[in-house]
Amino acid sequence: MKDEKLRETNLVHGRRNLVGIYQLKKDKSEYHFMNTDYLRKHDMAISRENYELIYIAPLRVFDNPEKIFRRFNLERPKDFKGHSLSVGDVIVMNNGRKVDALFVDSVGFTDVPQFLMEIKQTNDIRIVEQIDHLTDGDTVYLYDGEYLFVEQDQKVDWQNWDQILYGKGSAGEQFSFHISEVEKVVSKDDVEYLRYHERFIHHFYVVDDLNAAPLAVTSYERLDDAVEAYRNLPESNWKALGIEKMEIGAIDFLQCISGEDTLISDFKKSSDWMNPEVYAIVQELKESLQLEEEQSMEENMQMM
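First, a word on what this report is: a plain description of the structure on this page.

So, how was this worked out
Residues numbered from 1 in each chain as written. Predicted model: local features only at pLDDT ≥ 70, side-chain atom pairs only at ≥ 80, totals over all residues. Heavy atoms only, no water. Helix = DSSP H or I, 4+ residues; strand = E, 2+ residues; numbered from the N terminus. Buried < 20%, exposed > 50% of the residue type's maximum accessible area, 1.4 Å probe, protein only. Contact = heavy atoms within 4.5 Å. Areas by Shrake-Rupley, 256 points an atom, 1.4 Å probe, with all protein chains shown as cover. Salt bridge = Lys/Arg side-chain N within 4 Å of Asp/Glu carboxyl O. Arc of directions from axis to C-beta. Polar contact = N/O pair within 3.5 Å; in protein donor to acceptor, adjacent residues only side chain to side chain. Phe/Tyr/Trp six-rings, centres within 6.5 Å; stacked < 30°, edge-to-face > 60°. Lys NZ or Arg CZ within 6 Å of the ring centre and 35° of its normal.

### Description of the overall build of the protein chain
- Regarding its fold elements, the protein chain presents eight helices and 17 strands.
- For the protein chain, the proportion of its 304 residues judged to be buried stands at 44%.
- Across the protein chain, every contact between residues at least 6 apart in sequence was considered, and the portion connecting residues at least 24 apart equals 58%.
- Looking at the protein chain as shown, the accessible area adds up to about 17300 Å², and 47% of this sits on carbon and sulfur atoms.

As structure tokens, then:
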């Protein structure tokens, strides 16, 4: 795995049978070997931010907390770099249906659901569980922004923790990746559809405030995402939403002027922007933001 965050995603969000070992960071010496009674009396929380994910491995069929504790003390795996399990450590178990976080206490184990909740709140990556196979012609988008082309059929084995999948980059170079690194997959059946719809519009953008210098501009692939980002900005901002086509440039479609969302009709003044896709976006903006425009778009379609 390339990233601890991705490893943790598998542990708490995936459907593999996994066990994870968390141990306190070195600079948290005041927490070391302290049981729940001591922590409670001293108002000290069992918090994820105090821990490191030291190890993750397949959960065995008959594993339980006692067996895991014994294994990581008497039969520690060769690749396990942590210390023997002791009071203060946290064991996270995912049996494919349920995930539990257990604090190693002075006697037995204490359920710490808040530890699990903190992981899920701070780790926003989600396993794309509906992917069970990749087909020649699919395009795979990874969380780090890379996109790969699949040239061979590959079955996704959700129980194989170390399974490596393969794709090729835009320059033809071979890439290996783990299923948990995948943000989305565009099937080969959808690729031609997307190419057609992306011919005119390259991307959408949102400007935080047109009064600011320099401008803060964020790009989005989907109109829905751009609209949501636009809505989440303060109404007091002179914010804008628009589209960009590399050959023509960028143009605002929507601005918040004096606290009121206003459709910007500059695109009508240039034949370069006269396109059915543009018309469809204006219609969608009007519907999603319940805007009124003074001039009939049907008349402009006749011009197009």
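After that view of the structure, there is still more to cover.
### A word on the environment of Val99
- Mapped onto the fold, Val99 is located in strand S4 (residues 99-104).
- In this structure Val99 touches Leu11, Val12, Val92, Met93, Asn94 and Leu116, once residues within four positions along its chain are discounted.

### Details of the pattern of salt bridges
- Under the defined criterion, the tally for this structure stands at eight salt bridges.
- When the shortest N-O distance is used, the salt bridge between Arg71 and Asp63 registers 2.9 Å.
- The exposure class of Arg71 is buried, given its relative accessible area of 9%.
- Here Asp63 falls in the buried class, since its relative accessible area comes to 13%.
- Linked by salt bridges that have partners in common, Arg222, Asp224 and Asp225 make up one network.

### Quick look at helix H3 (residues 65-74)
- The complete set of buried residues in H3 reads Pro65, Ile68, Arg71 and Phe72. Seen along its axis, H3 keeps its buried residues to an arc of 130 degrees; they face one direction.
- Of the surrounding elements, those touching the buried residues of H3 are strand S1 (17-24), strand S2 (51-58), strand S3 (90-95), S4 and strand S5 (109-111).
- With a side-chain oxygen positioned 3.1 Å from the backbone nitrogen of Glu66, the residue opening H3 is Asn64.

### Let's talk about the side chain of Glu8
- Relative to the helices and strands, Glu8 resides in helix H1 (residues 4-13).
- If sequence neighbours within four positions are ignored, Glu8 has contacts with Tyr22, Arg48, Leu53, Ile119 and Asn123.

### Notes on the environment of Arg71
- Residue position: Arg71 is located in helix H3.
- Separated by 13 residues in sequence, Arg71 and Ser84 place their C-alpha atoms 9.3 Å apart.
- With residues near it in sequence (within four places) discarded, Arg71 still touches Arg60, Asp63 and Arg76.
- For Arg71, the side chain forms a polar contact with the side chain of Asp63, separated by 2.9 Å.

### What to know about the packing of aromatic side chains
- Throughout the structure, instances matching the rule amount to eight aromatic pairs.
- Relative to Phe115, the ring of Tyr22 has its centre 5.2 Å away and its plane inclined at 80 degrees; by these criteria the two rings are edge-to-face. Taken as a pair, Tyr22 in strand S1 and Phe115 in helix H4 (residues 113-122) lie far apart in primary sequence, 93 residues in all.
- Judged by its relative accessible area of 0%, Tyr22 is buried.
- When the centroid spacing of 5.4 Å and the interplanar angle of 90 degrees are considered together, the rings of Tyr55 and Phe80 count as edge-to-face. Highlighted residues: Tyr55 in strand S2 and Phe80 in the loop between H3 and S3, separated in sequence by 25 residues. Pair check on accessibility: Tyr55 and Phe80 agree, each one buried.
- An aromatic cluster is built from Tyr22, Tyr51 and Phe115, whose rings are joined through pairwise contacts.
- In this structure, Lys184 is placed above the aromatic ring of Tyr141, and the distance from its NZ or CZ to the ring centre is 4.8 Å.
- If you follow Lys239 out to its NZ or CZ, it ends over the ring of Tyr230, 4.5 Å from the centre.

### What to know about unusual backbone geometry
- Along the chain, Ala213 connects to Pro214 via a cis peptide bond; the corresponding omega equals 0 degrees.
- Here Pro214 is to be found in the loop between strand S13 (203-207) and strand S14 (217-220).
- We note that Phe33 has phi near 65 degrees; this positive angle belongs to a residue other than glycine.
- Along the polypeptide, Phe33 turns up in the loop between S1 and helix H2 (36-41).
- What makes Phe33 exposed here is its relative accessible area of 57%.

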